[in-house]
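Breakdown of the fold
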Amino acid sequence: MKGSEFFSQTVTVYNWMDAREGERWEAVVLTGVCWQEQYARKLGGKATPSAEETGAGKLYIPFDVKSGKKVYCPPELFGKLGEEAAAWTLRPGDVVCKGEGPLECEGSPLRMLAGKGGYTVTAVAVHDAPENLAHWEVTVQ
């Protein structure tokens, strides 16, 4: 999916870490994603959330997304990594914000991002075929 104008946006993903000293969040900036708001237009009306959709938005992340020095790790393995692992994952409960958000996070990223567009991941679907279209479809609310 490289080179596609469709995948031209940036997001920050905050992964929850079960650290020895308590709750901790790790951030990764992903460049080369597609964010789509889910709204329906009523005739003559304002944009309202679509009844058919369950989330506030969809995020499409190609498997070859740019993520700095961090690498993707499946959720079932992510929790087993050490605290200093250079990895990121996608799972319900993680937090996403549009653009490049702060990388340091004290407490909940949703509190930190209040009024700035913080969304909670509610579902992640893996689309792995064909290879050149492989991506994650992330529903956020």
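Computed from a predicted structure; not experimentally measured. (Residues numbered from 1 in each chain as written. Predicted model: local features only at pLDDT ≥ 70, side-chain atom pairs only at ≥ 80, totals over all residues. Heavy atoms only, no water.)

For the rest of this paragraph, the subject is the overall build of the protein. The secondary structure content of the protein amounts to two helices and 10 strands. In sequence order, the secondary structure elements of the protein are arranged as β-β-β-β-β-β-α-β-β-α-β-β. A separation threshold of at least 6 residues defines the contact pool for the protein, and within that pool the share at least 24 residues apart is 56%. Total accessible area computed for the protein in this model is approximately 8500 Å², and 53% of it derives from carbon and sulfur atoms. (Helix = DSSP H or I, 4+ residues; strand = E, 2+ residues; numbered from the N terminus. Contact = heavy atoms within 4.5 Å. Areas by Shrake-Rupley, 256 points an atom, 1.4 Å probe, with all protein chains shown as cover.)

Here we come to the nonpolar core. With 17 residues, the main nonpolar core has Val11, Leu30, Leu59, Ile61, Trp88, Val96 and Val138 as its most contacted residues. Where this core is concerned, the elements lending two or more residues are β1 (9–19), β2 (22–37), β5 (57–62), β9 (118–127) and β10 (135–140). If one sorts the elements of this core by residue count, β2 sits on top with four residues. In this view, valine 96 contacts Val11, Thr12, Val13, Trp35, Leu59, Gly117, Gly118, Tyr119, Val121 and Val140; residues no more than four positions away in its chain are not counted. If you look at the next biggest cluster of nonpolar residues, it comprises seven residues, including Trp25, Val95, Cys97 and Leu113. (Core = buried A, V, L, I, M, F, W, Y, C linked by side-chain atoms within 4.5 Å. Buried < 20%, exposed > 50% of the residue type's maximum accessible area, 1.4 Å probe, protein only.)

Strand direction decides the pairing type here: strand β8 (residues 95–98) and β9, joined by three bridges, are antiparallel. When the sheet's bridge partners are listed, valine 95 is paired in β9 with threonine 120. As defined by bridge partners, β9 adjoins β10 across six bridges and the pair is classed as antiparallel. Within β10, the position partnered with valine 121 by the bridge is valine 140. (Pairing = 2+ DSSP bridges.)

Going through the model one piece at a time under the given rule, you end up with three salt bridges. Close ionic contact of lysine 70 with glutamate 26 constitutes a salt bridge, the shortest N to O distance being 3.3 Å. With a gap of 44 residues between them, lysine 70 in the loop between β5 and β6 (71–72) and glutamate 26 in strand β2 connect regions that are remote in the sequence. Overall, lysine 70 belongs to the buried group, its relative accessible area being 18%. A salt bridge links aspartate 94 to arginine 91, with the nearest nitrogen and oxygen atoms 3.2 Å apart. Considered together, aspartate 94 and arginine 91 belong to a single accessibility category, that of buried residues. (Salt bridge = Lys/Arg side-chain N within 4 Å of Asp/Glu carboxyl O.)

Glancing now at the side chain of arginine 91. Note that arginine 91 resides in the loop between β7 (87–88) and β8. Polar contacts involving the side chain of arginine 91 include one to the main-chain carbonyl oxygen of tryptophan 16, which spans 2.4 Å. With near-sequence residues (within four places) excluded, arginine 91 lies in contact with Asn15, Trp16, Pro75, Phe78, Val121 and Val124. (Polar contact = N/O pair within 3.5 Å; in protein donor to acceptor, adjacent residues only side chain to side chain.)

By themselves, these figures tell us nothing about what the structure is for.
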